[in-house]
Amino acid sequence: MLDRYNRKINYLRISVTDRCNLRCSYCMPCEDFVMLDHSEILRFDEIVEVVRRGADMGITKVRLTGGEPLVRSDVTELVAMIAAVGGISDLAMTSNGVLMEKFALPLAQAGLMRINISLDTLDPAKFRRLTAGGDINRVLRGIEAARKAGLEPVKLNCVIKSSSLEPDAVAVKNFGRENGMEVRFIHQMDLGGGEFSIVEGGEGGDCERCNRLRLTADGNVKPCLFSDLAWNVRQLGAERALKSAVNCKPRCGTTCNHNQFYNIGG
Ligand code: SF4
């Protein structure tokens, strides 16, 4: 499907939960955030209905995000349900890797094809500080497990303040090169301030070529990360919500004041 700027929209990013087992300082503050009530979070059958309708309309690529998708119980079942939808030729996930050692093989067996794992530093103390207590060794073991399970290519998402020449970014880049993994550098963004840039080594943030829609954990189809436009699938049904989002997709991002990264899924 094409939007009114002739962009081919074939990519759906799905936030399966707003929960996370880390508290990265630039994404999820330690306090003062409001979680969705469980009843507000889409059930698996509702998510799959959106994917089916999307596939009918031209969606071929699906990425599962969060919060942290692996904290949603039975997420491997959802992967299997989406993998069975005709027309979806690329099924990926973005994870912080903390639980990946346990889930890598079941995810691959369920039909997940590839994975991006967040890694902003290789310094264990800095990692613990940045994530409010995370253990980097679990992430490194998770990366290894993902590779062993064949979730290739494993790509690393590295959030940077302003430059991929920052020492932590260079360390992650070298780690990636030494282990045959691509690294994406994601500049810190500000939803309310409308600050974003193109992902280095990726496609995100390139409005002119934007091919994506997002489904939030509570069922809002968002045509753009940096916009408050949204259509709810529980109110309108999947097809109408998807069509409205494509037809009203803005030329480029501006600001988003109604959501946070942890409940949109970046
Ligand atoms: S800001 Fe919006 S239009 Fe631009 S790349 Fe991001 S999602 Fe696409």
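Bear in mind that the values here come from a model prediction, so they are computed numbers and not experimental data. (Residues numbered from 1 in each chain as written. Predicted model: local features only at pLDDT ≥ 70, side-chain atom pairs only at ≥ 80, totals over all residues. Heavy atoms only, no water.)

Draft legend 1. Geometry of the packing of helix α1 (residues 44-57) against helix α8 (residues 238-247). Where α1 contacts α8, the two axes come as close as 9 Å, and the packing angle between them is 55 degrees. By the angle class used here, α1 and α8 are oblique. Crossing of α1 over α8 shows right-handed handedness. Side by side, α1 and α8 meet where Glu49, Val50, Arg53, Gly54 and Met57 of the first sit next to Ala238, Glu239, Leu242 and Lys243 of the second. In the contact of α1 with α8, the residues fall into 4 nonpolar, 1 polar and 4 charged. (Axes fitted to C-alpha atoms, helices over the stretch in contact; angles between N-to-C directions. Helix = DSSP H or I, 4+ residues; strand = E, 2+ residues; numbered from the N terminus. Parallel < 35°, antiparallel > 145°, perpendicular 65-115°, else oblique. Left-handed = near helix turned anticlockwise from the far one by under 90°. Contact = heavy atoms within 4.5 Å. Nonpolar A, V, L, I, M, F, W, Y, C, P; charged D, E, K, R; others polar.)

Draft legend 2. Here's a closer look at the sheet that holds strand β7 (residues 212-215). Pairing is mixed in the open sheet, where 9 strands are placed in the order β6-β5-β4-β3-β2-β1-β7-β8-β9. Of all the strands in the sheet, the pair left with one neighbour each is β6 (182-187) and β9 (231-232). Two elements, β7 and strand β8 (residues 220-222), share 2 bridges in a ladder whose sense is antiparallel. Pairing of Leu215 across the sheet is with Val221, part of β8. In the packing of α1 onto the sheet, contacts are made with β1 (11-15), β2 (61-65) and β7, and the angle to β1 comes to roughly 170 degrees. (Pairing = 2+ DSSP bridges.)

Draft legend 3. How the structure looks around the pairing of strand β4 (residues 114-118). Burial analysis of β4 places 4 of its 5 residues in the buried class, the great majority of the element. Looking at chain direction, strand β3 (residues 90-95) and β4 are connected through 4 bridges and run parallel. Of the residues in β4, the one forming a bridge with Ala92 is Arg114. Considered for its hand, the β-α-β crossover made up of β3, helix α3 (residues 100-110) and β4 is right-handed. With 4 bridges joining them, β4 and strand β5 (residues 154-160) adopt parallel strand pairing. Within β5, the residue paired with Ile115 across the bridge is Val154. (Buried < 20%, exposed > 50% of the residue type's maximum accessible area, 1.4 Å probe, protein only. Right-handed = clockwise from strand over helix to strand, strands pointing away.)

Draft legend 4. Layout of helix α5 (residues 136-148). If you check α5, its first and last C-alpha atoms are 19 Å apart, about what 13 residues at 1.5 Å a residue would give, namely 18 Å. Contacts made by the buried residues of α5 are with α3, β4, α4 (124-130), β5 and α6 (167-178). You can read the cap of α5 off the contacts: a side-chain oxygen lies 2.9 Å from the backbone nitrogen of Asn137, and it is on Asp135. Of the residues one or two after α5, Gly150 is the one with positive phi, at around 85 degrees. (Expected span 1.5 Å × (residues − 1). Polar contact = N/O pair within 3.5 Å; in protein donor to acceptor, adjacent residues only side chain to side chain.)

Draft legend 5. Focus on the site of the ligand. Taken together, Phe196, Gly205, Asp206, Cys207, Cys210, Arg214, Cys224, Leu225, Lys249 and Gly253 form the complete shell of residues around the ligand. Residues of the shell around the ligand, tallied by class, amount to 5 nonpolar, 2 polar and 3 charged. (Near = heavy atom within 4 Å.)

Draft legend 6. Structural context of the environment of Val221. Take Val221: it is sitting in strand β8. The class for Val221 is buried, based on a relative accessible area of 0%. Sequence separation of Val221 and Leu36 is 185 residues, and the distance between their C-alpha atoms is 16 Å. Among residues more than four places away in sequence, those in contact with Val221 are Arg214, Leu215, Leu229, Ala230, Trp231, Val233, Ala241, Leu242 and Ala245.

Draft legend 7. Inspection of α3 at higher detail. Looking at α3, one finds that the buried residues are Met100, Phe103, Ala104, Leu107 and Ala110. Looking down the long axis of α3, one finds its buried residues gathered within 140 degrees of arc, a one-sided arrangement. Pointing more than 90 degrees away from the buried face of α3 are the exposed residues Lys102 and Gln109. Packed against the buried residues of α3 are α2 (75-83), β3, β4 and α5. At the exit of α3 stands Gly111, carrying a positive phi of roughly 120 degrees. (Arc of directions from axis to C-beta.)

Draft legend 8. Layout of the pattern of salt bridges. For the structure on display, the rule yields 17 salt bridges. Note that Glu239 and Lys243 form a salt bridge whose closest N and O atoms lie 2.9 Å from each other. Taken together, the residues span about one helical turn, with Glu239 and Lys243 both in helix α8 at a distance of 4 residues. Residue classification places Glu239 among the partly exposed positions, given a relative accessible area of 39%. Taken together, the salt bridges that share partners define one network made up of Arg43, Asp45, Glu46 and Arg234. (Salt bridge = Lys/Arg side-chain N within 4 Å of Asp/Glu carboxyl O.)

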